[in-house]
Amino acid sequence: MYILAVNISHHPSTVSIKDGNVEWYIENERISRIKDYIINEPLNTKKFINNHVDHLIITSFGSSLYDPDRIECVKNSVSHSEFHYDLNVHHKYHAANAFYDSGFDECIAIVMDGFGALRDVTNPHREIESSYLCSYPDKIIPLEKHYSICDIYGVGYKGTFYIENDLMSDGISVGYMFSQTCYKFGMNSSTDAGKLMGMAAYGNPSYGDHWFIDGVANNHLFLSELDEANTFQERADFCWKLQQETKNHTINYISNIINKYSPKNIVLSGGYFLNCVNNYAYLKAFPDINFYIDPIAHDGGTALGAAKLLWYNITGDTTIRKINNIYYGPIWQHTL
């Protein structure tokens, strides 16, 4: 059985799975040769898709503006039997990729990013933090979620409240804090977060008000300090605090999950966990927990998670396929 998965949001990617095993994974800018490529034309798949695809699955964080055209571009590029697309499971695919690669037979997956899917089509809140209970073959069960209206200036503020077990707020995510800082500093808001981590090393430790109150970001405090960061040193100092505040918030989030559910194994995914500097802090803070951190934690990895989850869902297979390395190929990409 061949499963082809394509992520059509930022960091677009394509992955092929044959009989449960990853044949290859590639980020589409390697094919287009365009940095920060966004799918807007049929995929050039002839070089690496030599077989009819039994199942085609598409992942995204659910854009009603862009998804329909991008979906058609992909569908017109690939001969396939069954088509799968669900716009409300972005974080679930992040969690699935980390879980199936970890080698754990069960775990809790924690996902943090800029923002993901809408809770539903009538609600403007998008997922920013999620936790899932994961076990074989295909049980990726949500435990709790935090949805944000993603309104940094508070125009559409509706307060903080719960719908069932889901926290709803206007507080921006840790990932969105990095995006907004990149934008303010004249960088690429999607891809330059690593530069902020580098700048933090030149910052002077300082504090003042905390940006998170009861697990929800105070947008006004964050923005007011960001607006005052103009010189290089001021910006480096801000980046130091950005690292500290998001790290401490994440430690508190993980601690709450541990206290509630007592897991032995935790996997981390979503774009924020590309923050390898802060990742070390979680290992030190929770030495009794077995951690696995998704090496492809950005949106490109959702294609891997979706393909694997679909395989286990269709077949009921319980084989654990722990990742051995991240050099998926295809082989020809190294000689382009």
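Residues numbered from 1 in each chain as written. Predicted model: local features only at pLDDT ≥ 70, side-chain atom pairs only at ≥ 80, totals over all residues. Heavy atoms only, no water.

1. Some thoughts on the overall build of the protein chain
A tally of regular secondary structure across the protein chain gives nine helices and 15 strands. By the compact-globule yardstick of 20 Å for 336 residues, the protein chain fits well, its C-alpha radius of gyration being 20 Å. Along the first, second and third principal axes, the C-alpha set of the protein chain runs to 60 × 45 × 40 Å. In the protein chain, 69% of the contacts between residues at least 6 apart in sequence involve partners at least 24 apart. For the protein chain, the exposed area adds up to about 15,300 Å²; of that, 50% sits on carbon and sulfur atoms. The protein chain carries 25 positive and 38 negative side-chain charges, and their two centres are separated by 5 Å. (Helix = DSSP H or I, 4+ residues; strand = E, 2+ residues; numbered from the N terminus. Rg over C-alpha atoms; globule rule 2.2 N^0.38 Å. Contact = heavy atoms within 4.5 Å. Areas by Shrake-Rupley, 256 points an atom, 1.4 Å probe, with all protein chains shown as cover. Lys, Arg positive; Asp, Glu negative; His and termini not counted. Charge placed at Lys NZ, Arg CZ, Asp CG, Glu CD.)

2. Thoughts on the sheet that holds strand E1 (residues 2-7)
Pairing is mixed across the open sheet formed by five strands, whose spatial order is E3-E2-E1-E4-E5. Both outer strands of the open sheet, strand E3 (21-27) and strand E5 (80-85), are each paired with one neighbouring strand and no more. The sheet shows a mean angle of 15° between the axes of neighbouring strands, direction not considered. The sheet contact formed by E1 and strand E2 (residues 13-18) spans six bridges and is antiparallel. Bridging across to E2, Ile3 finds its partner in Ile17. (Pairing = 2+ DSSP bridges. Axes fitted to C-alpha atoms, helices over the stretch in contact; angles between N-to-C directions.)

3. Some details on the packing of aromatic side chains
Per the counting criterion, the structure on display carries 17 aromatic pairs. With 6.2 Å between their ring centres and 55° between their planes, Phe178 and Tyr272 make a pair best called tilted. Separated by 94 residues along the polypeptide, Phe178 in helix H4 (residues 174-184) and Tyr272 in the loop between strand E14 (265-269) and helix H8 (276-285) bring together distant segments of the chain. Take Tyr272: its relative accessible area is 4%, and that puts it in the buried class. Taking the centre distance of 5.3 Å and the plane angle of 35° together, the rings of Trp211 and Phe238 count as tilted. With Trp211 in the loop between helix H5 (193-200) and strand E12 (212-213) and Phe238 in helix H7 (residues 232-261), this pair connects stretches of sequence that are 27 residues apart. Taken as a pair, Trp211 and Phe238 share a single burial class, namely buried. Taken together, Phe99, Tyr100, Tyr136 and Tyr312 form an aromatic cluster joined through their ring pairs. (Phe/Tyr/Trp six-rings, centres within 6.5 Å; stacked < 30°, edge-to-face > 60°. Buried < 20%, exposed > 50% of the residue type's maximum accessible area, 1.4 Å probe, protein only.)

4. What to know about the packing of H4 against H5
Where H4 meets H5, the closest approach of the two axes is 9 Å, and the angle between their N-to-C directions is 85°. Compared by their axis directions, H4 and H5 come out roughly perpendicular. Counted together, Phe178, Thr181 and Cys182 of H4 and Ala193, Leu196 and Met197 of H5 form the full contact between these two elements. For the contact of H4 with H5, a count of residues per class yields five nonpolar, one polar and no charged. (Parallel < 35°, antiparallel > 145°, perpendicular 65-115°, else oblique. Nonpolar A, V, L, I, M, F, W, Y, C, P; charged D, E, K, R; others polar.)

5. Description of the packing of H7 against H8
H8 packs onto H7 with a crossing angle of 35° between their chain directions and a minimal axis gap of 10 Å. The two elements H7 and H8 cross, and the hand of that crossing is right-handed. Facing Gln243, Thr246, Lys247, Thr250, Ile251 and Ile254 of H7, the residues of H8 in contact are Val277, Asn278, Ala281, Tyr282 and Ala285. Taken together, the residues that form the contact of H7 with H8 break down as six nonpolar, four polar and one charged. (Left-handed = near helix turned anticlockwise from the far one by under 90°.)

6. Regarding unusual backbone geometry
The step from Tyr136 to Pro137 runs through a cis peptide bond, and the omega angle for that step is 0°. Here Pro137 shows up in the loop between strand E8 (123-135) and strand E9 (139-148). At Asp214, a residue that is not glycine, the phi angle is positive and equals roughly 55°. Here Asp214 is to be found in the loop between E12 and strand E13 (216-217). Judged by relative accessible area, which is 77%, Asp214 ranks as exposed. Located in the positive-phi region is Ser262, a residue other than glycine, with phi close to 50°.

Shape is all these values report; function is a separate question.
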